[in-house]
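# Descriptive structure summary
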Amino acid sequence: RELSLGDIRTMCERSGVEIEVFVHGALCVCRSGQCLFSSLVGGRSGNRGECAQPCRLPYQVYRDGKRLNNEQTAYALSPKDMCTVEILPEIIAMSEDIYCHPELGFKEFRTRKKAIEALDKAGIPHEDVAYTGIRAVLDSGKPGPNIGLITEFDAVPTFGHPYASEDSCAAHTCGHYGQLGVMMSLFLAIKDSGMLKDLCGKVTLLVTPAEEFCDMDYRKGLIKEGKISHPSGKQEMIATGIFDDVDIMLSCHAMGIDMTKYHAEIGSSLNGFIMKRAIFTGKASHAGANPEGGVNALNAVNLAMTGINFLRETFRADDAIRVHFYVPEGGQSVNTVPGRTQLEMYVRAKTVPAIFETNAKVTRAIRAGALAINCDLEIQDTPGYFPLHQDENLTELVKKHILDYIDESMIAQGTHGFASGDMGDLSLMWPIVEIGVAGFEGSIHGKDFKTADPEQAYCVPAHYFADTVADLLSDGGASAWKIKEAFKPVMNKKNYLETLDSLNKSTFYEKENN
């Protein structure tokens, strides 16, 4: 008796018998067998089916002689539920529609319209942030912490995906549409249930654009036009102060591990990275009639890539280094010696020192390629994201609520991922979690990525995050303040922005004259 959804799911998956589940109507504050309230006050045992339900009566609550509640909050022990039954199907439909209509970062115009329609329908005011982002706040009217619900909603170029856009191959293969479904349904349910009446503080929905670090020429154009100042949505929101009054942040993301074995991933870390673009300028000439008169910039790219590949044996396993590249410009014509080529790459690692060390090695390899062919070279370094480190205390609090829905054997904890995300930047300055969720199938960033189990992708995380929010904003926000007090930021916002600026640079290397 008294099984969690996770317990029931495990029994169904691991047994070959038909299982019938009974759900009793009263939502007790304790599991049966643990509550003696009715026995103590009325001599009727709730554990023997005779509960008098004294928890549903009005009470005056005192601490140290001071009354803590009023007539509006007199039902202090009455069980409350935040029902998402009606909200979830509508928001899941919205999210799946967004999956079918992907847009790249800072181009999420249709997606943004869908999100705004949901907020407007619920009567929730909102404001524009970070060009295509959205910020909305629910306020209890009482002092307390501000809990941020972080969601992304941009797509990533993925060739061959059935819903890839015609103009840019944009596709929702990283699950951001699912994030929006989880956090939007949670936010609307908080509003609809009125649960903040019995809590404190605020809940802020932060719909952040442009997490995928791509389409950089477009983003640099926006920067040049003064529409944004940073190429990532969260970097832009940090710079413009959107997160300044937020105390704790909750987020989720499709897991990159086996979703048949695990249904949640907590406390994981991620690599950080620097983005590099190398522009080689040689000399064009007729490839058939006069190849000796040219300087082949494509050969310089090939040598640079070969140099980088020979460096891989120097990469320490503990640093989780990844250097991956592609050639966005390989020449101008098959009948012309390539006069200009470009090589674009990420330099990823587990720690900032390892990123810097590897970046220096890669720069030398790129320069060697240009020097061997005698090309002019420009190297553009753009700061990507810092490594992600989730707050341990917040992770444990969220885990407590995840366990009500998922068996502990199906929760992966403390893993490290070689990917990166701009939640890493937030983790420098705020206590955050980014819970890995299941319910998807196919490869992350692959043409087969899609929703497989809406219950796991949307419903389960929405419910355990609801319980988490209630926990953080109960008792004057005691648990939230304790987590924030224990958190030690790596840097403040000023240091962070200065570091970004120092890493954003272009360096020119001229070819030799002879």
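Located above this text is the structure these notes cover.
Report on the accompanying structure. Being a predicted model, the structure only gives us computed values, none of them experimental. (Residues numbered from 1 in each chain as written. Predicted model: local features only at pLDDT ≥ 70, side-chain atom pairs only at ≥ 80, totals over all residues. Heavy atoms only, no water.)

Most of strand 5 (residues 146-152) sits out of view: seven of its seven residues are buried. Side-chain alternation along strand 5 places N146, G148, I150 and E152 on one buried face and I147, L149 and T151 on a second face that is also buried. Bridge count for strand 5 against strand 8 (residues 202-208) is seven bridges, and the pairing is parallel. Paired with N146 across the bridge in strand 8 is K202. Where strand 5 and strand 9 (residues 248-254) come together, three bridges link them in parallel fashion. Bridge pairing links I147 to I248 in strand 9. (Buried < 20%, exposed > 50% of the residue type's maximum accessible area, 1.4 Å probe, protein only. Helix = DSSP H or I, 4+ residues; strand = E, 2+ residues; numbered from the N terminus. Pairing = 2+ DSSP bridges.)

Topologically, E127 is positioned in strand 3 (residues 127-129). Each C-alpha atom of the pair E127 and V137 lies 9.4 Å from the other, and the pair is ten residues apart in sequence. Sequence-distant contacts of E127, defined by excluding residues within four places in its chain, comprise G133, I134 and R135. (Contact = heavy atoms within 4.5 Å.)

One pass over the structure, following the stated rule, counts 13 aromatic pairs. Between the aromatic rings of Y177 and F440, the centroid separation amounts to 6.1 Å while the plane-to-plane angle is 90°, which identifies the pairing as edge-to-face. A residue pair is termed long-range when its members are at least 10 positions apart, and Y177 in helix 5 (residues 176-193) and F440 in strand 20 (residues 440-441) qualify at 263 residues. For Y177, a relative accessible area of 0% gives the class buried. The ring centre of Y218 lies 4.4 Å from the NZ or CZ of K107, which sits over that ring. (Phe/Tyr/Trp six-rings, centres within 6.5 Å; stacked < 30°, edge-to-face > 60°. Lys NZ or Arg CZ within 6 Å of the ring centre and 35° of its normal.)

Reading across from one edge, 3-4-8-5-9-19-10-17 is the order of the eight strands in this open sheet, with mixed pairing throughout. The sheet is open, and its two borders are formed by strand 3 and strand 17 (411-413), each paired with just one other strand. Each neighbouring strand pair of the sheet contributes to a mean axis angle of 25°, computed without reference to strand direction. Its contacts with the sheet put helix 4 (residues 109-121) on strand 3, strand 4 (133-139) and strand 8, and the angle it makes with strand 4 is roughly 15°. Contacts from helix 12 (residues 454-472) reach strand 5, strand 8, strand 9 and strand 19 (432-437) within the one sheet, and its direction differs from that of strand 9 by about 170°. (Axes fitted to C-alpha atoms, helices over the stretch in contact; angles between N-to-C directions.)

Turning to the nonpolar core, a few remarks are in order. Within the largest apolar cluster, 69 residues are counted, with the highest numbers of intra-cluster contacts made by M184 and L250. Apart from residues lying up to four places away in sequence, M184 is in contact with I91, M94, A115, A118, L119 and L205. (Core = buried A, V, L, I, M, F, W, Y, C linked by side-chain atoms within 4.5 Å.)

Here we come to helix 14 (residues 493-503). Every α-helical turn comprises 3.6 residues, leaving residues that sit three or four positions apart pointing alike. Of the residues making up helix 14, those classed as buried are Y496, L497, L500 and L503. What you see down the axis of helix 14 is that its buried residues fit within an arc of 130°, all on one side. Residues of helix 14 that are exposed and point more than 90 degrees away from the buried face comprise K494 and D501. On its buried face, helix 14 sits against helix 7 (233-239), helix 9 (352-373), strand 15 (376-383), helix 11 (423-427) and strand 22 (505-509). Measuring from the backbone nitrogen of K494 back to the side-chain oxygen at the start of helix 14 gives 3.2 Å, which picks out N492 as the cap. (Arc of directions from axis to C-beta. Polar contact = N/O pair within 3.5 Å; in protein donor to acceptor, adjacent residues only side chain to side chain.)

With that out of the way, let us pick up helix 10 (residues 392-402). Inspection of helix 10 places L394, T395, L397, V398, K399, H401 and I402 among the buried residues, and these make up the whole buried set. In this structure, the buried side of helix 10 is in contact with strand 9, strand 10 (264-266), strand 17, strand 19, helix 12 and helix 13 (478-486). Looking at where helix 10 begins, the residue whose side-chain oxygen comes 3.3 Å from the main-chain nitrogen of N393 is D391.

Orientation of helix 5 relative to helix 12, taken along the N-to-C sense of each, is 45°, at an axis distance of 9 Å. As judged from the angle between their axes, helix 5 and helix 12 are oblique. The handedness of the crossing between helix 5 and helix 12 comes out as right-handed. Each of Y177, G178, G181, V182, M183, S185, L186 and I190 in helix 5 lies in contact with helix 12, whose residues at this interface are A457, Y458, P461, A462, F465, A466 and V469. Tallied by class, the residues present in the contact of helix 5 with helix 12 amount to twelve nonpolar, three polar and no charged. (Parallel < 35°, antiparallel > 145°, perpendicular 65-115°, else oblique. Left-handed = near helix turned anticlockwise from the far one by under 90°. Nonpolar A, V, L, I, M, F, W, Y, C, P; charged D, E, K, R; others polar.)

That's the geometry; what it means functionally is another story.
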